[in-house]
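Chain by chain, the residues:
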Amino acid sequence: TQDNLYLFETIDSTHTYVSHNLSTIDHGSVLLAYSQTAGRGRRGRKWSSPIGKSLSLSIVLKEFSDQMKPTLLTQLTAAALQQALAEVGLPIAIKWPNDLLINRRKVAGVLTEAMFERQVLQAITIGIGINLNQSQSDFPTEIHPKATSLALETESPFFADKLIAQFLKLFEQFYQDYQQSLDPEPFLSICRQESAVIGEIVTVVQGDKRRDVEVLGIEATGELLVRDLSSKEKMTLISSEVSLRNP
Ligand code: ATP
Ligand code: BTN
């Protein structure tokens, strides 16, 4: 792979930058920003990424097969980040499909976007936002009870160099293995093992519908297998359509 690195002190969003520069950014490029003024989450939500306290990354993939669905790549990335954090001594759980939690609070998130130019798929871009050194008051008030940073959890300033190097190494390994084998099991088994939601009762929010379910597992497709608590019916959930609450 190429290993071009783009470094920004402040940018609107590393993802938005990629979407505006699709033709010039090579496969395997990594964009890293110390802050974003318009960081994006799923479905138009905002991702808070203040200067000096957070890290925002986008990885640009242009070589992939049809089988490598964005939802599976999100889970590959979550697994690589979980393992990288475990290696620096931080046990962390994966909240399907795209959040990483410590003590049930969100410390990092993954956002995978397929990017098109004139209706032709040009790249799949994977974004990772990590909360490094925020104190509780650095988070927007509405996410206070839900967010945490690595510094808050370790009770000391967090230096990200080792974590990022380890994460990129694991990501590349997982990605190359997956590209060759097209077998998602190695990273899905990490997502299952380190899951914050399997075995739990959670509320599924889908548009303006809510239902309580028991989470049974993650399927080979990356979908979440659940049982509806009122109808007792089993069903699978597609990550792009739902949010989970209270895991
Ligand atoms: P959730 O279930 O955590 O609300 P989601 O996965 O359904 O999230 P996303 O779009 O993935 O939704 O996450 C964006 C949400 O994350 C925002 O709506 C906000 O609540 C929260 N958020 C924004 N910035 C941060 C941050 N730096 N750390 C933790 N949470 C954040
Ligand atoms: C989430 O919503 O949980 C995921 C947030 C992912 C944010 C990352 S930070 C780098 C990239 N650029 C963006 O604007 N968003 C993603």
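Residues numbered from 1 in each chain as written. Chains lettered and ligands numbered in written order. Predicted model: local features only at pLDDT ≥ 70, side-chain atom pairs only at ≥ 80, totals over all residues. Heavy atoms only, no water.

**As for the sheet that holds strand β6 (residues 105–117)**
Two pairing modes exist for strands in a sheet, parallel and antiparallel, and in both the strands are linked by backbone hydrogen bonds. Read across the sheet, 7 strands follow the order β1-β2-β3-β7-β6-β5-β4 without closing on themselves; strand pairing throughout is mixed. Each edge of the open sheet carries a strand with a single partner, namely β1 (5–11) and β4 (93–95). Taking the axes of each pair of neighbouring strands and ignoring which way they run, one obtains an average angle of 20 degrees across the sheet. Inspection of the sheet shows strand β5 (residues 99–102) paired to β6 by 4 bridges, in the antiparallel sense. In the sheet register, L101 faces β6, and the bridge partner there is K106. (Pairing = 2+ DSSP bridges. Helix = DSSP H or I, 4+ residues; strand = E, 2+ residues; numbered from the N terminus. Axes fitted to C-alpha atoms, helices over the stretch in contact; angles between N-to-C directions.)

**Re unusual backbone geometry**
Geometrically, the link from W96 to P97 is a cis peptide bond, its omega value of 0 degrees lying close to zero. On the secondary structure map, P97 appears in the loop between β4 and β5. A positive phi angle, close to 55 degrees, is found at L182, a residue other than glycine. With respect to the secondary-structure elements, L182 resides in the loop between α4 (161–181) and α5 (185–193). According to the relative accessible area criterion, L182 is partly exposed, its value standing at 28%. (Buried < 20%, exposed > 50% of the residue type's maximum accessible area, 1.4 Å probe, protein only.)

**Overview of the site of ligand 2**
Surrounding ligand 2, one finds 21 residues, the nearest of these being S13, T14, Q36, R40 and K106. Residue T14 places a side-chain N or O atom 3.2 Å away from a nitrogen atom belonging to ligand 2. Computed on the free molecule, ligand 2 has an accessible area of 410 Å², of which 97% lies beneath the protein chains in the complex. Broken down by secondary-structure element, the contributors of at least two residues to the shell around ligand 2 are α1 (14–20), β3 (54–61), β6 and β7 (120–131). Sorting elements by how many residues they give to the shell around ligand 2 places β6 first, with 4 residues. Partitioned by chemical class, the residues of the shell around ligand 2 number 5 nonpolar, 12 polar and 4 charged. (Near = heavy atom within 4 Å. Polar contact = N/O pair within 3.5 Å; in protein donor to acceptor, adjacent residues only side chain to side chain. Areas by Shrake-Rupley, 256 points an atom, 1.4 Å probe, with all protein chains shown as cover. Nonpolar A, V, L, I, M, F, W, Y, C, P; charged D, E, K, R; others polar.)

**Looking at the side chain of D99**
Examined against the element boundaries, D99 turns out to sit in strand β5. Judged by its relative accessible area of 8%, D99 falls in the buried class. A polar contact is formed between the side chain of D99 and the side chain of K106, at a distance of 3.1 Å. Setting aside chain neighbours within four positions, we find D99 in contact with A93, I94, K106, A108 and G109. (Contact = heavy atoms within 4.5 Å.)

**Notes on the pattern of salt bridges**
Within the structure shown, the criterion is met by 8 salt bridges. The shortest N-O distance in the salt bridge between D99 and K95 comes to 3.7 Å. Like K95, D99 is buried. Its salt-bridge partner being D99, residue K106 comes within 3.1 Å of it at the nearest N-O pair. Exposure remark for K106: the relative accessible area of 25% places this residue in the partly exposed category. Each of the salt bridges in this network shares a partner with another, and the network as a whole consists of K95, D99 and K106. (Salt bridge = Lys/Arg side-chain N within 4 Å of Asp/Glu carboxyl O.)

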